[in-house]
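Residues per chain are reported as follows:
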Amino acid sequence: MDILLIAGLWLDGSVWDDVVPELTALGHRPVPLTLPGQGDGAASATFDDQREAVLAAVDAAPGKPLVVGHSAASSLAWLAADARPEKVAKVVLIGGFPAADGRAYADHFAIEDGAMPFPGWAPFEGADAADLDQATRDRVASAAIPVPEAVARGLVRLTDERRFDVPVVVVCPEFTPAQAEEWIAAGESPELARATRLEYVDLDSGHWPMATRPRELARVLAEAATTTR
């Protein structure tokens, strides 16, 4: 099965480099995406450009792909389910929940000179970054790409309620499945609250398991791929 890998903020497709061979060895075809404005040099890219890049990858898949979104890119994975509910086999969300219709994609940090630069590790201290050694922190930070303002502040638009019937797996790295269920029940993710086929998988890591637990993450994704509808 094709497994489309969508990285979160500041990351390009190379962040999946350690996951790709593991998925290949497990019999799948991983397709890491480098999004417009996050690795292709397009500083003027918009959120709609990123959405269209994801949909192009879905459309190019020979069958029904598994669409994986990390962190903020959970919204992009969910948009694929919204735009292609009959084409997407399953959505996997790693350490993130999709934004609701009409909300900004990722307006979380300061904009400087038309982009949202990586803010350093201070905002992520604690469970998010607890398993990152200094070498990994340095590598991720040095490769971080400022996210164009038109991406970060772009609006999420959801139109097709058939998305709620697309199976969803919430991978819980720096939080537990119990916490995720509690947050969803409390209204923190109106989209996932309406998902009809929702499951949780615990993964003992920080927020970037593709860097710290690539083999374990690959196994989780492969398991999700083998149990698609």
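Residues numbered from 1 in each chain as written. Predicted model: local features only at pLDDT ≥ 70, side-chain atom pairs only at ≥ 80, totals over all residues. Heavy atoms only, no water.

Sorry if this is basic, but what is going on with the pattern of salt bridges here?
Pairing between side chains of opposite charge can happen when the charged atoms of each approach one another. This structure, assessed with the given rule, holds 14 salt bridges. In this structure, arginine 137 engages glutamate 125 in a salt bridge whose closest nitrogen and oxygen atoms are separated by 2.8 Å. Of this pair, arginine 137 sits in helix H4 (residues 134-143) while glutamate 125 sits in the loop between strand S5 (115-116) and H4, and the two are twelve residues apart along the sequence. Residue arginine 153 pairs with glutamate 149 through a salt bridge whose shortest N-O separation is 2.7 Å. Overall, the relative accessible area of 41% leaves arginine 153 in the partly exposed class. We classify glutamate 149 as partly exposed; its relative accessible area is 29%. The network of salt bridges with shared partners includes Asp82, Arg163 and Glu191. (Salt bridge = Lys/Arg side-chain N within 4 Å of Asp/Glu carboxyl O. Helix = DSSP H or I, 4+ residues; strand = E, 2+ residues; numbered from the N terminus. Buried < 20%, exposed > 50% of the residue type's maximum accessible area, 1.4 Å probe, protein only.)

Quick question: what am I supposed to make of the pairing of strand S3 (residues 66-70) here?
A regular strand places its side chains so that they alternate between the two faces of the sheet. Within S3, five of the five residues are buried, which leaves the element mostly enclosed by the surrounding structure. Along S3, one buried face is formed by Leu66, Val68 and His70 and the opposite face, lined by Val67 and Gly69, is buried too. Note on the crossover from S3 through helix H3 (residues 74-83) to strand S4 (residues 90-94): the handedness is right-handed. (Right-handed = clockwise from strand over helix to strand, strands pointing away.)

It is not clear to me how the packing of aromatic side chains should be interpreted in this structure. Could you clarify?
Each aromatic ring pair is specified by the distance between its two centres and by the angle formed by the two planes. Across all of its chains, the model carries 14 aromatic pairs by this definition. Between the aromatic rings of phenylalanine 47 and tyrosine 105, the centroid separation amounts to 4.5 Å while the plane-to-plane angle is 25°, which identifies the pairing as stacked. Here tyrosine 105 lies in the loop between S4 and S5 and phenylalanine 47 lies in helix H2 (residues 47-60), a separation of 58 residues in the sequence. Across the pair, tyrosine 105 and phenylalanine 47 agree in class, each one buried. (Phe/Tyr/Trp six-rings, centres within 6.5 Å; stacked < 30°, edge-to-face > 60°.)

Would you explain the side chain of glutamate 191 in this entry?
Position of glutamate 191 among the secondary structure elements: in helix H7 (residues 190-193). Within the structure, the side chain of glutamate 191 is placed 2.7 Å from the side chain of arginine 163, a separation counted as a polar contact. Setting aside residues up to four positions removed in sequence, glutamate 191 forms contacts with Trp78, Pro98, Ala99, Ala100, Leu158, Arg163 and Phe164. (Polar contact = N/O pair within 3.5 Å; in protein donor to acceptor, adjacent residues only side chain to side chain. Contact = heavy atoms within 4.5 Å.)

Before we go on, may I ask you to explain helix H6 (residues 177-185) in this structure?
An α-helical turn contains 3.6 residues, so a residue and the one three or four places further along point in the same direction. Buried within H6 are the following residues: Pro177, Ala180 and Ile184. When H6 is viewed along its axis, its buried side chains cluster within an angular range of 60° and face the same direction. Turned more than 90 degrees from where H6 packs its buried face, Ala178, Glu182 and Ala185 sit exposed. Each element contacted by the buried residues of H6 is listed here: strand S7 (168-172), H7 and strand S8 (198-202). Positive backbone phi, at 95°, marks glycine 187, one or two positions downstream of H6. (Arc of directions from axis to C-beta.)

Could you clarify how one ought to interpret H3 in this entry?
The buried fraction of H3 is high, at nine of ten residues. Of all the positions in H3, only Ser74, Ser75, Leu76, Ala77, Trp78, Leu79, Ala80, Ala81 and Asp82 are classed as buried. Buried-residue contacts for H3 involve strand S1 (2-6), H2, S3, S4, S7 and H7.

Looking at this model, I keep getting lost on the pairing of S4. Mind explaining?
By the criterion of burial, S4 is predominantly enclosed, with five of the five residues buried. The alternating pattern of S4 places Lys90, Val92 and Ile94 on one face and Val91 and Leu93 on the opposite face, and all of these are buried. By the bridge criterion, four bridges tie S4 to S7 in an arrangement that is parallel. Looking across to S7, one finds that valine 92 is bridged to valine 169. (Pairing = 2+ DSSP bridges.)

How should I be thinking about the nonpolar core in this particular structure?
A general trend in soluble globular proteins is that nonpolar side chains are found buried together. In this structure, Ile6, Trp16, Val68, Leu76, Val92 and Tyr105 are the most contacted members of the largest nonpolar core, which totals 75 residues. A per-element tally of this core places helix H9 (residues 214-226) first, with seven residues. If we ignore the near neighbours within four places in the chain, the residues touching valine 92 are Leu66, Val67, Val68, Gly69, Val169, Val171, Leu221 and Ala224. (Core = buried A, V, L, I, M, F, W, Y, C linked by side-chain atoms within 4.5 Å.)

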